[in-house]
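Residue-level structure breakdown
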Amino acid sequence: MRFTFVCFLLFTVSQLWAQTYFQQEVNYHIDVTLNDKKHALSAFASFEYTNNSPDTLEFIYFHLWPNAYKTDGTAMAKQLVEDGDLTFFLAPDEIRGYIDSLNFKAAGNTLQWKYDVSNIDICKVYLEKPLQPGEQITITTPFYVKLPKGIFSRLGHIEQSYQITQWYPKPAVYDNNGWHPMPYLSQGEFYSEFGTFNVSITLPKNYVVGATGDLVDGEAELQWLEEKAAQTPTTYSNDMSFPPSNDTLKTLHYQQSNVHDFGWFADKRYHVKKGEVALPHSNRKVTTWIMYTNNEATLWNDAIPYVNDAIYYYSLWNGDYPYNHMTAVDGALSAGGGMEYPNVTVIGPSGTAFNLETVIMHEVGHNWFYGILGSNERDHPWMDEGLNSFNENRYIETKHPDVNILGEKTPSGLKLFGIDEFKHKSQYEFGYWLNARRNIDQPIEYHSANYTPFNYGGIVYFKTAIAFDYMMAYLGEQQLDGIMQHYFNTWKFKHPQPNDLRKIFEEKTSKNLDWFFNDLIGTTKKLDYKIKPGKGHHAVTVSNVGDISGPYSLSGMQGDSATTTIWYEGHTGSKTIDFPGNFDRIRIDAQLDLPESNRKNNTLKLKGPLKRMEPIRLQFLGGLENPDRSTLYYAPIMGWNNYNHFMGGALLHNVTVPRKTFEYALTPMYSFSAEQLVGFGQLSWFLSSNKGRTFQSIEPTINVKRFNYSNDEFSNGVFTKVTPEITFNFKKKNLRSTRQSSLQLRSINIEQRLKSRCLLGPCSEGYSIITATQNFNEINYRFVNNRTLSPFNFKVQVQQGKNFEKASLTVNYYLRIDDVTDAIKLRFFAGKFIRNKTYSLYNWRMDGQRGYYDYTYDGNFLGRYEPLGDKNLLAQQFVENHGAFKVPTANGQSNDWITALNIKVEPPFPLPIGFFYDVGVNPVTIISANTGNQIEETRSNYDGGVYLHLAKGMVNIYFPFLYSKDIRTELDANAISFGETIRFTLNLYRLNPIEAIRNIDF
């Protein structure tokens, strides 16, 4: 018993010791020279590493991040490709970059080191003797960096404009969780040890440099910068050329303590302005600089206040800026709109003054959330980007309370689309809701590399921002400021973890914040409260129909104003609340502070007619979802086909951003020629839950389509098609996966009504009416792999009609040639009748389906029943299905089976010209000349030629020049001219009006 107790005591003490906070220290001395002819850096670095951990270290991991730009096998290269960016993958070696000439030494002795097995931008340096707790070691190395062209990510140059970031060998962080070696990523930032940087930069004398740190013995350089600032013009030219580099070199020495990174930017074209701001708590003065080219000079001319105000407000809310200066530079940036480094930030093209101010403010703000509070951005990106975005939104609401979602103070014509109704914060909300409504969002607390690109913005930035805005509304600004300032003072120049921030929140509020940190931050659970009348004159019932029991507010409304607002603690289920007062409405979250997924159920009307119905508003074209009203969107629409001729009508829909549970789109049109009401429409439901294990979503849909198929002096035929279908989208195990599959059940119901003149025999009133119906059922399984390189997809279809069943497989594969992406498009088709007791209309066709053979009426043909020949252009439209031959031919028609391979090549010509070749095989039945018996044999055919691909492939025009013998014989026998073999496609096969409006592919 005693032995057990002693072991338990020793274990407890060891665990407590293991969790004691410690922080390593790394001090840097770097001498670097810029060669602006070779676009390279030659440098020597000294690292003074102090082991403050309780552990003995036998090696140190170093980051060699310039090597991320060396080959297309690096983590950065793979991530860019995975995200659809092939710029680096296709880049030649001469514009890529690397770091080499490394020779690590300690006390004059060479140290052994090796690259990480998986990542050449990480290495392990082995120490000659173990580094004990409390000991210090100095490691030195020369290094050479070939700078990549600045079009890939953060490091690089555009001609002689330099952005020098993540450029030197850098020890990885060692903390309670061990070593944190991490490859460089464009999506996913950094985690580094604090220390002091002494960096000397040598470069031609006429470069203007913005850098981390204070200039040491830099009076001459400061005087030169101040002279340039005094001479800054008020008007600017469009000249962006580089002046010659000065033959004289200068060396600038920068020093900064309590930072964990060093970035610098150099350009000979920079204009310079200087400013100053007093900090709100200490009144200490901070020097501010902006450095900019002629590119957006008129915008940058007024940018000093943007830097000053950012420093002031971030200091006011979080704690005073601890450094002496801050610089914003105009740079050639490839990784987002801006990028932060201690004391300096680089800003890309902005377009408007508001955008420039927003990006400068956001990047300056990273000096707090990234710089001073050095969290692990790779593992917990919200502690950097999210908290900074919360401050960004607060800054905009404080300084620019009247801007709308697009950053405009006046509607500028946007009132037509209802944009003026949405404040700036709405962009954060819609950014979150776009994926959250479809349950393809991801938690706030998540590893940065595991986010989809859209979720990285929509969750890390936007959802975190509105989550903390919600917390501020709940606690009040004063209490939140006290919490954030305590967090800042406790953890500045350290490495806080999520639980460290949570601990401070709970200590300062004395509240259980599981609903916030566990649910809102840690999961994809949704917040949603609903209000309805309660029992009693002033009673209301608030029901939690979401997954999070967060606090909420109730407001009594008079008109559009909240006269009374009370906050309530969150709860599960329903709660009846006595809310006395004379109000028009009682509303949950009238101030729009809660990050709810559905605000349509937040209002209880107490007065007026139609209490349960929202006002309906007509609005042109489209807009964003407004929870206060139901909007019917409209737009004029026109159409034409050979039977209806000109058609005029309207598009009516309710499709908004984000996606609704129920959406409709109707396009009624009137055919003046046929005197018919025609058009198409769709009703669609979107059912999704993050609790489902098999399906990501279930989408029942009803499609309706009605058009004429004949209209002349003899007949008037119209078809009506109603297609109910349901699609089951299977859940992905990993949302970053490019693989997606679905199962669709589809019923096609067609009625054809033909009114024709009676030419022979008795006929009532001179015409007869014939009505025919057809019904088909389909099962479609689709698999798509949308990987950037060589994507492919396939579809398996089983179709059933009266007296037949058949199955088919369609595979599409895209190959890349040299530096041309997806230049070869391969399609394979195989079809087989399971049972066939019907006529030839339903046969497989080697040349695809033209209008006459489109028995399911899926295609959208300009001349559905036009006969071939006589230069009838409309008859030359077809759909690339079945065998997808481009030449019109009856060869290959089969009532049994068919296979075909279609090849398209689209070289990188300046004109939209491609080449095609098709080969197909099918059985044919012939009569033996010897015996007179039927013989079945297998025949193959082929065709080939050139084609034009127009409007991004929506229109393809095919010119077949090459045919197999059987096809040539057939064309000659039927006197088909070359012009009549030219065919075209309009790729509106299965027009989906809702997807066309939304233009967002699920």
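Scope of this entry: the structure provided in the associated data block. Worth saying up front: this structure is predicted, and the values here are computed from it rather than measured.

So, how was this worked out
- Counting starts from 1 at the beginning of each chain's written sequence and moves along it residue by residue.
- Under the rules for a predicted model, residues below a pLDDT of 70 receive no local features and side-chain atom pairs below 80 are neither given nor counted, while totals for whole chains, interfaces and linings still include all residues.
- In computing side-chain values, all of the structure's heavy atoms are included and hydrogens and water are not.
- Helix numbering and strand numbering both begin at the N terminus, where a helix is a DSSP run of H or I of at least 4 residues and a strand a DSSP run of E of at least 2.
- Here, expected helix span is obtained from the residue count minus one, scaled by 1.5 Å.
- Each residue is assigned to one of three classes by its accessible area relative to the maximum for its type, calculated with a 1.4 Å probe on protein chains only: buried under 20%, partly exposed between the two thresholds, exposed over 50%.
- Pairing between strands is defined by DSSP: at least two bridges between the two strands are required.
- Geometry of aromatic contacts follows a simple scheme: Phe, Tyr and Trp rings, the Trp one being its six-membered ring, pair when their centres are within 6.5 Å, and the pair is stacked under 30 degrees between planes, edge-to-face over 60, tilted otherwise.
- Any Lys NZ or Arg CZ that is within 6 Å of a ring centre and within 35 degrees of that ring's normal is treated as a charge sitting over the ring.
- Exposure above 30% relative accessible area and no salt bridge define the residues that can form patches, which grow by joining like charges within 9 Å and nonpolar side chains of Val, Leu, Ile, Met, Phe, Trp and Tyr within 5 Å.
- Only the protein chains shown count as cover for residues, and the accessible areas themselves come from Shrake-Rupley with a 1.4 Å probe.
- Should a side-chain nitrogen of Lys or Arg be within 4 Å of a carboxyl oxygen of Asp or Glu, the pair is scored as a salt bridge.
- Here an axis means a line fitted to C-alpha atoms, over the contact stretch when the element is a helix, while the angle between two N-to-C directions is reported on a 0 to 180 degree scale.
- Working rule for angles: under 35 degrees goes down as roughly parallel, over 145 as roughly antiparallel, 65 to 115 as roughly perpendicular, anything else as oblique.
- Only heavy atoms matter for contacts: two residues are in contact if any of them lie within 4.5 Å across the pair.
- Under the convention adopted here, Pro, Cys and the residues Ala, Val, Leu, Ile, Met, Phe, Trp and Tyr are nonpolar, Asp, Glu, Lys and Arg are charged, and Gly plus all remaining residues are polar.
- A 1.4 Å probe that fits but cannot get out identifies a cavity on a 1 Å grid over protein atoms alone, an open set with protein on both sides within 12 Å along at least five of seven lines counts as a pocket, and a residue lines either if it has an atom within 4 Å of a point.
- Grid points are joined across faces, edges and corners, and a volume is the space filled by probe spheres set on the points.

Observations concerning helix α7 (residues 385-399)
- Compared with the 21 Å implied by 1.5 Å per residue over 15 residues, the 21 Å span of α7 between its first and last C-alpha is a close match.
- Taken across its 15 residues, α7 has 12 buried, putting it largely inside the fold.
- What α7 keeps buried is the set E385, G386, L387, N388, S389, F390, N391, E392, N393, R394, Y395 and I396.

What about the pairing of strand β1 (residues 25-35)?
- With 11 bridges connecting them, β1 and strand β2 (residues 40-50) associate as antiparallel partners. Pairing of D31 across the sheet is with F44, part of β2.
- What sits between β1 and β2 in their antiparallel hairpin is a turn of four residues, with H39 showing a positive phi close to 55°.
- Pairing geometry for β1 and strand β15 (residues 195-204), over six bridges, is parallel. By the bridge assignment for β15, D31 is matched with S200.

Structural notes on the packing of aromatic side chains
- Enumeration according to the criterion identifies 89 aromatic pairs in this entry.
- Taking 5.8 Å as the distance between ring centres and 25° as the angle between the ring planes, the aromatic pair formed by Y552 and Y568 counts as stacked. One end of the pair, Y552, is in strand β27 (residues 552-558); the other, Y568, is in strand β28 (residues 561-568), with 16 residues separating them in the sequence. The same class applies to Y552 and to Y568, which are both buried.
- In this arrangement the basic side chain of R845 is found over the ring face of Y853, its NZ or CZ atom lying 3.7 Å from the centre.

Observations regarding the pairing of strand β9 (residues 136-146)
- Bridge count between β2 and β9: 11 bridges; the pairing is antiparallel. By the bridge assignment, F44 is partnered in β9 with P142.
- In this structure, strand β4 (residues 98-100) lies alongside β9, joined through three bridges in antiparallel fashion. Within β9, the position partnered with Y98 by the bridge is K146.
- Here strand β5 (residues 105-106) pairs with β9 via two bridges, running antiparallel. Pairing of K105 across the sheet is with T140, part of β9.

Some points on a nonpolar patch on the surface
- A cluster of nonpolar residues, M638, W640, F646, Y670, F672 and L677, forms a patch on the protein surface that exposes about 700 Å² of accessible area.
- Here M638 shows up in strand β33 (residues 630-641).
- The exposed category is assigned to M638, whose relative accessible area is 66%.

Some details on the pattern of salt bridges
- Within the structure shown, the criterion is met by 41 salt bridges.
- One salt bridge in this structure joins D858 and K721, with 2.4 Å as the shortest N-O distance. One end of the pair, D858, is in the loop between β45 (849-850) and β46 (878-879); the other, K721, is in strand β39 (residues 715-730), and 137 residues separate them in sequence. In this structure, D858 and K721 share a single accessibility class: buried.
- Here the salt bridges do not stand alone but share partners, grouping K721, E725, R746, E778 and D858 into one network.

Observations concerning the packing of helix α5 (residues 304-318) against helix α10 (residues 477-491)
- Where α5 contacts α10, the axes come no closer than 7 Å and their chain directions differ by 95°. Taken as axis vectors, α5 and α10 run roughly perpendicular relative to one another. Contacts from L316, W317 and N318 of α5 reach α10 at D481, M484, Q485 and F488.
- Tallied by class, the residues present in the contact of α5 with α10 amount to four nonpolar, two polar and one charged.

What about the sheet that holds strand β11 (residues 161-164)?
- Taking strand neighbours across the sheet as the criterion, the four strands line up as β10-β11-β19-β16 in an open arrangement whose pairing is antiparallel. Whereas interior strands pair on both sides, the edge strands pair on one side only; in this sheet they are β10 (156-158) and β16 (208-211). Adjacent strand axes in the sheet meet at a mean angle of 10° when their direction is disregarded.
- Pairing geometry for β11 and strand β19 (residues 264-267), over three bridges, is antiparallel. When the bridges of β19 are listed, Q163 appears paired with F265.

Notes on the layout of surface pockets
- The computed volume of the second largest pocket comes to approximately 1200 Å³.
- Looking at the second largest pocket, it is lined by 42 residues, and the ones nearest its centre are R585, R587, T603, P627 and D628.

Here's the deal with empty space enclosed by the protein
- Throughout the structure, instances matching the rule amount to four cavities of 30 Å³ or more.
- In this model, the second largest cavity occupies a volume close to 60 Å³.
- Contributions of two or more residues to the lining of the second largest cavity are made by β10 and β11.
- Residue composition of the lining of the second largest cavity, grouped by class: six nonpolar, six polar and one charged.

Considering the environment of K494
- Structurally, K494 is set in the loop between α10 and α11 (498-509).
- Between the C-alpha atoms of K494 and L90, which are 404 residues apart in sequence, the distance is 40 Å.
- Setting aside residues no more than four positions away along its own chain, K494 makes contact with Y21, Q23, F194, I372, L373 and G374.

Brief notes about the packing of helix α9 (residues 453-475) against α10
- At a minimum axis distance of 6 Å, the contact between α9 and α10 shows a crossing angle of 120°. Judged by the inter-axis angle, α9 sits oblique to α10. Contacts between α9 and α10 pair M471, M472 and L475 from the former with E477, Q479, L480 and I483 from the latter.
- The residue inventory of the contact of α9 with α10, partitioned by class, reads five nonpolar, one polar and one charged.

A closer look at the side chain of H362
- Inspection of the secondary structure puts H362 in helix α6 (residues 353-365).
- We classify H362 as buried; its relative accessible area is 6%.
- With residues near it in sequence (within four places) discarded, H362 still touches Y314, E385, N388, S389, E392 and Y461.

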